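Each chain is listed here by its residues.
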Amino acid sequence: MAFWIDTHCHLDALEFAACGGPQRVREEARAAGVGRIVIPAVNVGNFAAVRELAHRTGDGYALGFHPLYLPQGEVAEALERLDGHLREWQDDPHLVAVGEIGLDAHDGRWNDPAVRIRQEALLRGQLRLARRYGLPVLLHTRRAVDAVLRHLRELPPPGAIAHAFVGSLQQAEALCAVGAVLGFGGAMTFERATRLRAQAATLPLDSLVLETDAPDIPPSWLYVPQEARSAGQVVPPNRPAEIPRMGAVLADLRGMPVEELCAATTANALRVLPRLAVLGQNTELPAASAADLSAGQPAP
């Protein structure tokens, strides 16, 4: 039976407490047809949390240092701690990638040469660890695709997903040329995102996977304008249950049946993240009933 995969969801995020907690959010997604989720870490502080969640829900997790979440300690110390966890858990089938790693040139700190050097040293060290342990990587490339590409060419990992891709067509093609696939999600659901939607429509189908980046990057139907937020309207967190509707948008952009789009993006995710394929679609968690979900109650 076909099922969807959310290749990037921060299921441990505190924002999900308002939705009944991560277990209910996961069961809501399962009821919507999302068979697997990948839960990335951002630093050592949530390594154990993402692992525990993945084991509890039957999903995959990734370990890594996000470029904006490295503590003020030395890069070498951070890499040593990541190496220790990867070594300890290397035989865990739920460990599917190194991530979330990469570079971030959107943050103002990027203008500080010391920060750029630190981010790049951290990325290169994590790419080396991914190669050592035979794991693909989940890449953060915000306004830094070209810089990330330079490091990928020098230290190619065994597979990569360019998470939340919003670069140019040339950058998309360059990432595909080094073996990466591109994560599409909420951003492509906005009609004003004409360039991104054109890429989603025309890039090779085998280069695309779906993601939410939940609780962030909401799709158009969850977006709350700034004026409404200022007036006190609550911003609902993005959730993995939105993946099928995002997939329907992508299928419409490509002019293909939703079922075929689902099968293709799932196959792409399993190809790039092969450990996901050995995890059963069903888990020990009981499925939430329709009544539970409609009433907003946590699954038992």
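All of these numbers come straight from a predicted model, not from anything done at the bench.

1. Thoughts on the overall build of the protein chain
Line of reasoning, step 1. Within the protein chain, the secondary structure is distributed over 11 helices and eight strands.
Line of reasoning, step 2. Relative to its length of 300 residues, the protein chain is compact, with a C-alpha radius of gyration of 18 Å against a globular reference of 19 Å.
Line of reasoning, step 3. In terms of principal-axis extent, the alpha carbons of the protein chain reach across some 50 × 45 × 40 Å.
Line of reasoning, step 4. Looking at the protein chain as a whole, 55% of its 300 residues qualify as buried.
Line of reasoning, step 5. A sequence separation of at least 24 residues applies to 73% of the contacts in the protein chain between residues at least 6 apart.
Line of reasoning, step 6. A total of about 12,800 Å² of accessible surface is found on the protein chain, and carbon and sulfur atoms cover 53% of it.
Line of reasoning, step 7. In the protein chain, 28 positive and 34 negative side-chain charges are present, and the distance between their average locations comes to 4 Å.

2. Some words on the pattern of salt bridges
Line of reasoning, step 1. For the structure shown, the criterion picks out nine salt bridges.
Line of reasoning, step 2. A salt bridge links E28 to R239; its shortest N-O distance comes to 2.9 Å. Here E28, found in helix α1 (residues 22–31), pairs with R239, found in the loop between α8 (226–230) and α9 (243–254); they are 211 residues apart in sequence, far enough to count as distant. Accessibility assignment for this pair places E28 and R239 in one class, buried.
Line of reasoning, step 3. A salt bridge links E154 to R124; its shortest N-O distance comes to 2.9 Å. With E154 in helix α5 (residues 145–154) and R124 in helix α4 (residues 113–133), this residue pair connects regions lying 30 residues apart in the sequence.
Line of reasoning, step 4. Several salt bridges share partner residues, and in doing so they unite D83, R87 and R132 into one network.

3. Points about the pairing of strand β5 (residues 137–140)
Line of reasoning, step 1. Of the two faces of β5, both are covered, the one formed by V137 and L139 as well as the one formed by L138 and H140.
Line of reasoning, step 2. Taken together, the three bridges between strand β4 (residues 95–102) and β5 define a ladder with parallel strand orientation. When the sheet's bridge partners are listed, G102 is paired in β5 with H140.
Line of reasoning, step 3. Considered for its hand, the β-α-β crossover made up of β4, α4 and β5 is right-handed.
Line of reasoning, step 4. The pairing of β5 with strand β6 (residues 160–163) spans four bridges and is parallel. Along β6, the bridge assignment pairs V137 with A160.

4. What about helix α7 (residues 194–202)?
Line of reasoning, step 1. Those residues of α7 not exposed but buried are L196, R197, Q199 and A200. Looking straight down α7, one finds that the buried residues subtend no more than 160 degrees of arc, so they occupy a single side. Exposed residues on α7 whose side chains face more than 90 degrees from its buried face are T194, R195 and T202.

5. Topic: the layout of surface pockets
Line of reasoning, step 1. Considering only enclosed or pocket space, the largest pocket measures out at about 1,000 Å³ in volume.
Line of reasoning, step 2. Along the wall of the largest pocket there are 37 residues; nearest its centre are H140, R142, H163, D213 and I217.
Line of reasoning, step 3. Here the residues of the lining of the largest pocket are counted per class, giving 15 nonpolar, 13 polar and nine charged.

6. Quick notes on the sheet that holds β6
Line of reasoning, step 1. Pairing is parallel across the open sheet formed by eight strands, whose spatial order is β1-β2-β3-β4-β5-β6-β7-β8. The outermost strands of the open sheet, each flanked by one partner alone, are β1 (4–6) and β8 (208–210). Strand-to-strand twist of the sheet, defined as the mean angle between neighbouring strand axes without regard to direction, takes the value 25 degrees.
Line of reasoning, step 2. As paired elements, strand β2 (residues 34–40) and strand β3 (residues 60–63) share three bridges and run parallel to each other. What sits directly across from P40, in β3, is A62.

7. Let's talk about the packing of aromatic side chains
Line of reasoning, step 1. Taken as a whole, this structure holds four aromatic pairs when the rule is applied.
Line of reasoning, step 2. Aromatic side chains F47 and F65 sit 5.7 Å apart centroid to centroid with 70 degrees between the ring planes, which places their arrangement in the edge-to-face category. In this pair, F47 sits in helix α2 (residues 47–57) while F65 sits in the loop between β3 and α3 (75–88), placing the two residues 18 residues apart along the sequence.
Line of reasoning, step 3. Geometry around Y223 places R192 over its ring, the cationic atom sitting 5.9 Å from the centre.

8. Some details on the packing of α5 against helix α6 (residues 169–177)
Axis angle and axis distance: for two packed helices, these are the angle between their axes and the distance between the axes, and together they describe the pair.
Line of reasoning, step 1. Remark: α5 packs on α6, axes separated minimally by 11 Å, with the N-to-C direction vectors making an angle of 15 degrees. In terms of orientation, α5 lies roughly parallel with respect to α6. Once α5 is placed against α6, the crossing between them reads as left-handed. Residue-level contacts link V145, D146, L149, L152 and R153 of α5 to Q171, A174 and L175 of α6.

9. Considering the pairing of β3
Line of reasoning, step 1. Burial along β3 is two-sided: G60 and A62 facing one way and Y61 and L63 facing the other are all buried.
Line of reasoning, step 2. Each parallel crossover has a hand, and for β2 linked through α2 to β3 it is right-handed.
Line of reasoning, step 3. Across three bridges, β3 lies against β4 in parallel orientation. By the bridge assignment, Y61 is partnered in β4 with L95.

What counts as what
Residues numbered from 1 in each chain as written. Predicted model: local features only at pLDDT ≥ 70, side-chain atom pairs only at ≥ 80, totals over all residues. Heavy atoms only, no water. Helix = DSSP H or I, 4+ residues; strand = E, 2+ residues; numbered from the N terminus. Rg over C-alpha atoms; globule rule 2.2 N^0.38 Å. Buried < 20%, exposed > 50% of the residue type's maximum accessible area, 1.4 Å probe, protein only. Contact = heavy atoms within 4.5 Å. Areas by Shrake-Rupley, 256 points an atom, 1.4 Å probe, with all protein chains shown as cover. Lys, Arg positive; Asp, Glu negative; His and termini not counted. Charge placed at Lys NZ, Arg CZ, Asp CG, Glu CD. Salt bridge = Lys/Arg side-chain N within 4 Å of Asp/Glu carboxyl O. Pairing = 2+ DSSP bridges. Right-handed = clockwise from strand over helix to strand, strands pointing away. Arc of directions from axis to C-beta. 1 Å grid on protein atoms, 1.4 Å probe; cavity = no way out; pocket = protein on both sides within 12 Å on 5 of 7 lines; lining within 4 Å. Points joined across faces, edges and corners; volume = space filled by probe spheres on them. Nonpolar A, V, L, I, M, F, W, Y, C, P; charged D, E, K, R; others polar. Axes fitted to C-alpha atoms, helices over the stretch in contact; angles between N-to-C directions. Phe/Tyr/Trp six-rings, centres within 6.5 Å; stacked < 30°, edge-to-face > 60°. Lys NZ or Arg CZ within 6 Å of the ring centre and 35° of its normal. Parallel < 35°, antiparallel > 145°, perpendicular 65-115°, else oblique. Left-handed = near helix turned anticlockwise from the far one by under 90°.

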